[in-house]
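Fold and geometry: a report
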Amino acid sequence: MSYKNIWYEWDIIPYIWIVLNVDNSNLNYVHKNTYDLIKEWVSSERYNILVNANEYRQKVHSDKEVFNNQFPFFSIKFLYTSTIYLFNKFIGFSIINSFKILSILSYILISTIVLLLYKDKIKKDPYIMILLIPVVLSSFLILWSRITTPDMFSTLLLFFSYYLIINKKYIFIWLFVIVISLWIRTDNIIYLSVLLVYLRFFVEKDYKIDNKIFIGTLILWLLTYKLINSVYLNYWYIKLFHHSFLWQIYDPENTSVVFSFSDYFKTVASMIGGILWFKWNSTFSLLSTYLTITLYLLYSWIRYGKWIKKFKIWFIWVITIALFLKLLLFPNIQERYFIFFYLIILLSLIDKFIERQE
């Protein structure tokens, strides 16, 4: 159902362009073939939205130079676009199908990891499956598994590393997985930094990392983050903030912007309104629901801490801090930015229920 009802985000246009650009960097060719390819796959109504919904989309569609100037906003997701290219070039999927299959495959693997996390519990009490099935079929996972963005793929890597941490296995593998997740979404560094501090200073002994691993990993993450932004000529935070929330920039490389606290607070105020009213620019968001669950879990942890002794429950602190830092730095409440956070919140709720039963 997800495969047949895929939702084509506008972002797929520059991602297709990046994939096509690998074999043929001629701008005229890439610009024309990107839109020709999209036109073959989407309805005329959706195509019209992708190219004419606003002035920015019209400009990117009509002016190949503006199209080319958007490259650093998207080429930074190198692992995502490279995987699409490999699916297309070496497995034989069409470019569009490669986007679809990667998101859906990521969803299937995430669901598999959920079952692996609880396999021992399920053996003791098969009814735990009744709790897990709604998690893997919950709307935020299903909806975003059919989207043409890197978010499900990023979630897969973060969740896989979480699984390895939980099982106290292969420390260098999960450290590596987390590092390469930055090549899908550089903003993962927010969660990764909170996680690293937590594992060094606040977690129970069985999960604690030593100073060498802490310092080495921190340096590796920072160098990786710097390398990605430098290699792909990313426009950095202030310009990205303006482009995402204030006005879209046609020529980011040659456009100067300044940070305005007034604009920032207006954007944050708009985000808060979206949380309170379940809306974000006419997009339905369940962030307020998940924040409510999180507050309940934190309250329970504080008041009934004696019931909650396991890392998986304590991990809700990492998620809460990282989520709020992410919101403060990039105040967009679309669900696709929080797939991993929502998943951990739901699983923490299940862990709390299981813990109390035990």
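Data block above holds the structure.
Below or above, wherever it landed, is the structure these notes cover. Keep in mind that this is a model prediction, so the values were computed, not measured.

Looking now at the packing of aromatic side chains. Applying the stated criterion to the full structure yields 33 aromatic pairs. Between F140 and Y290, the aromatic rings sit 5.6 Å apart at their centres with planes inclined by 80°, giving edge-to-face as the arrangement. Remark: Y290 occurs in helix 18 (residues 287–303) and F140 occurs in helix 11 (residues 139–144); sequence separation between them is 150 residues. In terms of burial, F140 and Y290 fall into one category: buried. Each ring, one from Y191 and one from F340, has its centre 5.0 Å from the other, and the planes form 65°; the classification is edge-to-face. Here Y191 is found in helix 14 (residues 188–201), whereas its partner F340 is found in helix 21 (residues 339–357), with 149 residues between them in sequence. We classify Y191 as buried; its relative accessible area is 2%. The rings of F140, F159, Y162, Y191, Y198, Y290, F315, F338, F340, F341 and Y342 are connected pair by pair, giving a single aromatic cluster.

Now for the pattern of salt bridges. With the rule as written, the count across this model stands at seven salt bridges. Between R185 and D187 there is a salt bridge whose closest N-O contact spans 3.1 Å. By relative accessible area, R185 is classed as buried at 11%. The network of salt bridges with common partners includes D11, D151, R185, D187, K326 and R336.

The next thing to look at is helix 3 (residues 44–52). Inspection of helix 3 places R46, Y47, L50 and V51 among the buried residues, and these make up the whole buried set. Buried residues along helix 3 cover an arc of 125° about the axis, so they all sit on one side. Exposed and oriented more than 90 degrees from the buried face of helix 3 are S44 and E45. For helix 3, the secondary structure elements touched by its buried residues are helix 1 (12–23), helix 2 (27–41) and helix 4 (55–62).

Moving on, we get to the packing of helix 12 (residues 151–166) against helix 13 (residues 171–181). The geometry of helix 12 relative to helix 13 is characterised by a closest axis approach of 9 Å and an angle of 160° between their N-to-C directions. Accordingly, the angle class assigned to the pair helix 12 and helix 13 is roughly antiparallel. As helix 12 packs across helix 13, the resulting crossing turns out to be left-handed. Where helix 12 abuts helix 13, its residues L157, L158, F160, S161, L164 and I165 lie against I173, W174, V177, I178, I180 and S181.

A cluster of nonpolar side chains, contributed by Y237, I238, F259, F261, F265 and L329, occupies part of the molecular surface with about 570 Å² of accessible area. Looking at the nonpolar patch, the elements with two or more residues in it are helix 16 (236–246) and helix 17 (261–276). Mapped onto the elements of the fold, F265 is located in helix 17. We classify F265 as exposed; its relative accessible area is 53%.

Attention shifts here to the environment of T267. Along the chain, the position of T267 falls in helix 17. For T267, a relative accessible area of 8% translates into the label buried. T267 sits 61 residues away from L328 along the chain, and the two C-alpha atoms are 9.9 Å apart. Not counting the four nearest positions on each side in its chain, T267 is found in contact with F241, F245, L246 and P331.

Let us now look at the packing of helix 2 against helix 3. When two helices pack together, their arrangement is captured by the angle between the axes and the distance separating the axes. Across the interface, helix 2 lies against helix 3 with an axial gap of 8 Å and an inter-helix angle of 150°. In terms of orientation, helix 2 lies roughly antiparallel with respect to helix 3. With respect to the hand of their crossing, helix 2 and helix 3 are arranged in right-handed fashion. Taken together, the residues of helix 3 that come into contact with helix 2 (itself represented by Y35, I38 and K39) are Y47, L50 and V51. Its residues assigned to classes, the contact of helix 2 with helix 3 comprises five nonpolar, no polar and one charged.

Conventions used here
- Residues numbered from 1 in each chain as written.
- Predicted model: local features only at pLDDT ≥ 70, side-chain atom pairs only at ≥ 80, totals over all residues.
- Heavy atoms only, no water.
- Phe/Tyr/Trp six-rings, centres within 6.5 Å; stacked < 30°, edge-to-face > 60°.
- Helix = DSSP H or I, 4+ residues; strand = E, 2+ residues; numbered from the N terminus.
- Buried < 20%, exposed > 50% of the residue type's maximum accessible area, 1.4 Å probe, protein only.
- Salt bridge = Lys/Arg side-chain N within 4 Å of Asp/Glu carboxyl O.
- Arc of directions from axis to C-beta.
- Contact = heavy atoms within 4.5 Å.
- Axes fitted to C-alpha atoms, helices over the stretch in contact; angles between N-to-C directions.
- Parallel < 35°, antiparallel > 145°, perpendicular 65-115°, else oblique.
- Left-handed = near helix turned anticlockwise from the far one by under 90°.
- Patch = residues over 30% accessible without salt bridge, like charges linked within 9 Å, V, L, I, M, F, W, Y side chains within 5 Å.
- Areas by Shrake-Rupley, 256 points an atom, 1.4 Å probe, with all protein chains shown as cover.
- Nonpolar A, V, L, I, M, F, W, Y, C, P; charged D, E, K, R; others polar.

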